[in-house]
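Summary of the model geometry
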Amino acid sequence: MKKCIVLFAVLLLLTTFVWAGGQGEAAVEEDATAVEAEGPVSIDFWTTQTQSDRMATIQVLIDTFEALNPNISINLVAVDENEMATQINTAAAAGTLPGMIESAAENAVAFGSEGLLNEQAITKVINDIGKEKFYAGTLRLNETASKGSYYAVPFHGWVQGLWYRSDWFEEAGLNPPSTWEDIRKAAEYFYQPDENQYGILVGTKAEAYAEQCFTQIAMANGAQLFNADGSLIFNSPEMQEAVEYYTKLAEFTPPGPQSWRARDYYLQGKMAMFFYSTYIMDDLALEENAADSLSSENFADLEGKSFDPQLVQNTRLAATISNTQDAGYGTIVSFGIPAHGDQQKIDAAQRFIKYLFTPNAYITWLHMAPGGMNPVLKDIATNARFQNDPKGIFQHYGAEKMAEIIQGLDAIETFSIVEGKRMAAASTIYSKQIIPQMIYKITQEGMSVEKAMDWAENEMRKVM
Amino acid sequence: MKLLQLNTAEGLDLRQREILLGWSMVIPSVLIILSLILYPIMYNIYLSFFDVQPLAANTYIGLENHKNVVLDPGFWNALVTTIIYVVFTTLGTTMMGLFVALVMNQEFPLRSLARSLILFPYIAPVISVVFSWQFIFDPVNGIFMDITYERLGLFASRFNLIGSPSTAVWVAVVFSIWKNFPFSYLMILSRLQAIDHNLYEAAEMDGASGWQKFRFITLPEVYFVMGAIILLRMIWNFNKFEEVFLLTENVRVLSVYTYFKAFVGTMELGQGASLAVIQFLLLLGFILFYIKRVLKW
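Residues numbered from 1 in each chain as written. Chains lettered and ligands numbered in written order. Predicted model: local features only at pLDDT ≥ 70, side-chain atom pairs only at ≥ 80, totals over all residues. Heavy atoms only, no water.

**Overview of the overall build of chain A**
Helix and strand counts for chain A come out as 22 helices and 13 strands. Taken over 464 residues, chain A has a buried fraction of 56%. Accessible surface computed for chain A: about 19,200 Å², of which carbon and sulfur atoms make up 50%. (Helix = DSSP H or I, 4+ residues; strand = E, 2+ residues; numbered from the N terminus. Buried < 20%, exposed > 50% of the residue type's maximum accessible area, 1.4 Å probe, protein only. Areas by Shrake-Rupley, 256 points an atom, 1.4 Å probe, with all protein chains shown as cover.)

This is how it looks when you write it as structure tokens:
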């Protein structure tokens with residue numbers, strides 16, 4: 001018995017070793033070019049809107065589109081944003097790329113520079129819609145290294161900032177948290193773990209959220225991943241200061257690795273400040289949206305608070321953070337057409353994307369999360385129907401505040417554009433989540449800042 | 001060749017027909033096993049000698065992947081974590097299963113109800129119990145901190161038991177014991193029920209104490225069933241992924257470590273393949289040792 005197994009294992013190893021010792025495996029990618037006659041075509045659409053109510057709304061849009069285009073059927077697949085890179089890389093390797101994806105522009109650029117997206121197909125969509133109709137800044141975040149060519153088309157976007165309890169700040173006589181110094185002071189002041197109250201939420205789990213918080217803080221200190229020549233300048237004094245400052249802030253967050261989900265503690269009145277996108281606006285204003293963050297109904301004895309109708313009035317947003325310079329941050333969410341080479345599927349995806357940009361479909365989509373999903377087309381932003389959202393968010397916050405947020409989309413800065421030049425490697429670094437892993441190592445595993453930064457720099461060089 | 005002669009089976013004698021029948025019956029399952037189990041294993045071993053690029057040609061690099069894996073301290077941490085996880089969960093589930101089985105073998109009212117309720121953790125879907133556990137150990141809102149810190153004052157401050165890398169492995173161990181002991185319990189109980197009562201009666205006549213009855217009758221009777229359960233549990237938990245990964249990503253047992261190495265961040269697919277091979281060999285070695293020494297086959 002034993003001899004048999006050992007012999008078998010040895011044989012197995014030997015044969016594969018010999019087999020492997022041959023030559024490198026040839027790449028199996030081959031373009032399927034044949035354009036078939038107009039026939040029924042089915043494409044997968046990977047969306048990052050994983051919540052069931054949002055998927056239901058998108059499905060309604062798909063059903064309408066399919067009724068208008070009986071030859072095309074679209075299959076909606078939910079993919080978590082944090083999983084997108086893994087999923088698309090494995091799909092590419094397996095030759096099962098979807099017909100269309102929705103992802104953060106940063107990820108789209110990373111995928112595009114790896115050759116996973118079809119630039120011509122999507123640039124054509126942008127030109128058909130009319131380049132001048134877009135906010136220029138949102139297009140720029142999707143541009144390839146050559147001007148006028150794009151990896152993906154922007155569709156909606158959000159602005160990030162530090163949301164804070166203005167009533168607590170006033171009571172304590174503290175400045176609004178928009179400079180490094182004021183944020184640190186306030187975080188320390190409100191951090192009272194004995195009372196189960198925390199100063200601030202910054203991401204400490206190795207996920208995209210940590211990178212989003214960190215980017216704005218680092219940019220406020222003028223720290224960059226790359227200089228304009230395209231060489232990596234991660235290990236700079238500015239960056240080190242930013243990492244040290246971030247580590248300090250992490251001391252005032254709730255214990256253990258935390259992610260965006262911990263915004264619940266704010267809604268329960270247990271936290272003074274948290275980094276979040278404008279997606280929070282409806283959670284703050286509407287009780288039904290806040291409900292799943294509140295626990296008092298099921299656990300009356302726990303110190304969870306019930307919905308606080310005053311919270312929306314007592315919450316303000318510091319959209320710009322500054323130390324040596326001002327920094328705003330946000331994310332543009334874009335559509336890309338993967339490079340699968342099937343012309344019929346490309347046509348179908350192009351047609352569907354153009355349909356989603358028609359006013360009715362577009363406004364229906366954006367109204368899934370008013371405040372969180374903001375238009376990238378100028379004439380939609382001023383459209384009366386768009387401003388009259390069913391959840392009443394525009395009324396709640398006022399059209400002026402909303403216009404300010406939408407304007408903010410045009411001014412988003414990221415590590416991947418330096419002095420107008422595209423740094424594709426920065427997008428790859430984003431998509432590989434190197435910075436979040438570094439933050440996790442420092443805040444949770446107790447690695448020193450220097451050591452963790454060396455580790456991160458090393459990882460960055462590996463993917464460049 | 002014999003298969004080709006299916007149509008001309010008339011010309012065969014009885015023995016040859018038996019052989020033919022035997023082969024034709026096992027061939028379908030052999031094919032399934034070859035394509036779904038053996039092929040992936042072989043392909044994985046093959047890949048472990050390459051620098052694997054999902055979108056470009058693979059380059060043959062010999063033992064480079066294996067070398068990189070073994071020289072990485074992360075691998076050794078993962079191995080130690082895996083050993084801790086496997087040893088404690090196996091001991092825990094077996095002892096707990098034995099204890100509960102002994103209790104449930106006694107006569108008491110509502111015994112059959114209790115017997116079926118005990119199976120609950122084992123049959124509940126892992127994802128839903130994982131969420132409950134995460135909620136229980138939430139540092140700010142969880143009931144664990146509420147009781148131990150707020151009400152009893154056992155700790156100096158609130159902490160994230162399930163999230164912190166240093167404590168998470170123990171939560172994963174306790175979770176696994178709680179989730180999987182009913183399997184051991186079920187197996188041991190069914191063996192206990194088959195023990196001949198005459199043995200106990202005879203022992204009582206000879207004046208054996210409760211402990212002696214357990215030590216010299218019960219234990220030898222359940223020895224092999226426990227041996228098999230321990231072996232299965234070790235194999236299962238050595239390869240365990242979903243229970244650990246869903247509960248907390250911070251417990252880097254080998255399977256979770258391999259997942260992160262292969263699919264997250266810089267995506268070292270070749271090293272991932274190499275890790276899987278190493279894990280396979282470790283497990284194979286252990287199984288051979290165990291079968292020889294403990295199960296005495």
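**What about the nonpolar core?**
In this structure, A:Ile200, A:Leu225, A:Met239, A:Met273, A:Phe357, A:Trp365 and A:Met438 are the most contacted members of the largest nonpolar core, which totals 133 residues. Looking at this core, the element that brings in the most residues is helix H9 (residues 208–220) of chain A, giving eight residues. Once residues within four sequence positions are removed from consideration, A:Leu225 is found in contact with A:Ser231, A:Leu232, A:Ile233, A:Phe234, A:Met239, A:Phe415, A:Ala426, A:Ile429, A:Ile435 and A:Met460. Core analysis: the second largest hydrophobic core is formed by 23 residues, B:Val130, B:Ala168, B:Phe245 and B:Phe260 among them. (Core = buried A, V, L, I, M, F, W, Y, C linked by side-chain atoms within 4.5 Å. Contact = heavy atoms within 4.5 Å.)

**Some thoughts on the pattern of salt bridges**
Where side chains of opposite charge bring their charged atoms close, a pairing between them can arise. Counted according to the given criterion, the structure contains 19 salt bridges over all chains. Two residues, A:Glu170 and A:Arg316, come together in a salt bridge whose shortest N-O distance is 4.0 Å. Here the residue A:Glu170 occupies a position in helix H7 (residues 166–172), and A:Arg316 occupies one in strand S7 (residues 315–318), the gap between them amounting to 146 residues. When the shortest N-O distance is used, the salt bridge between B:Glu243 and B:Lys240 registers 3.5 Å. Like B:Lys240, B:Glu243 is buried. (Salt bridge = Lys/Arg side-chain N within 4 Å of Asp/Glu carboxyl O.)

**Considerations on the environment of B:Leu282**
Within the secondary structure, B:Leu282 sits in helix H13 (residues 269–293). With 109 residues separating them along the chain, B:Leu282 and B:Val173 place their C-alpha atoms 21 Å apart.

**Notes on a negative patch on the surface**
All names here are of chain A. Side chains of Glu238, Glu241, Glu244, Glu450 and Asp454 sit close together on the surface and give a patch of like negative charge. Among the secondary structure elements, those contributing two or more residues to the negative patch are helix H10 (237–250) and helix H22 (449–463). Looking at the element boundaries, Glu238 is found in helix H10. Using a relative accessible area of 35% as the deciding quantity, one classes Glu238 as partly exposed. (Patch = residues over 30% accessible without salt bridge, like charges linked within 9 Å, V, L, I, M, F, W, Y side chains within 5 Å. Lys, Arg positive; Asp, Glu negative; His and termini not counted. Charge placed at Lys NZ, Arg CZ, Asp CG, Glu CD.)

**Here's the deal with the domain arrangement of chain B**
Residues and elements named next belong to chain B. Domain boundaries in chain B define domain 1 (2–47) and domain 2 (67–294). For domain 1 and domain 2, the distance between their C-alpha centres works out to 38 Å. The interface of domain 1 with domain 2 comprises four residues on the first partner and five residues on the second. Interface area for domain 1 against domain 2, summed over the two sides, is near 330 Å², with a carbon-plus-sulfur share of 73%. Applying the counting criterion to the domain 1 and domain 2 interface returns zero salt bridges. At the surface where domain 1 touches domain 2, the tally comes to one residue pair in polar contact (both at pLDDT 80 or more). Along the lines of polarity and charge, the residues of the side of domain 1 that touches domain 2 split into three nonpolar, one polar and no charged. (Domains from an automatic or database assignment. Buried area = accessible area lost by both parts, 1.4 Å probe. Polar contact = N/O pair within 3.5 Å; in protein donor to acceptor, adjacent residues only side chain to side chain. Nonpolar A, V, L, I, M, F, W, Y, C, P; charged D, E, K, R; others polar.)

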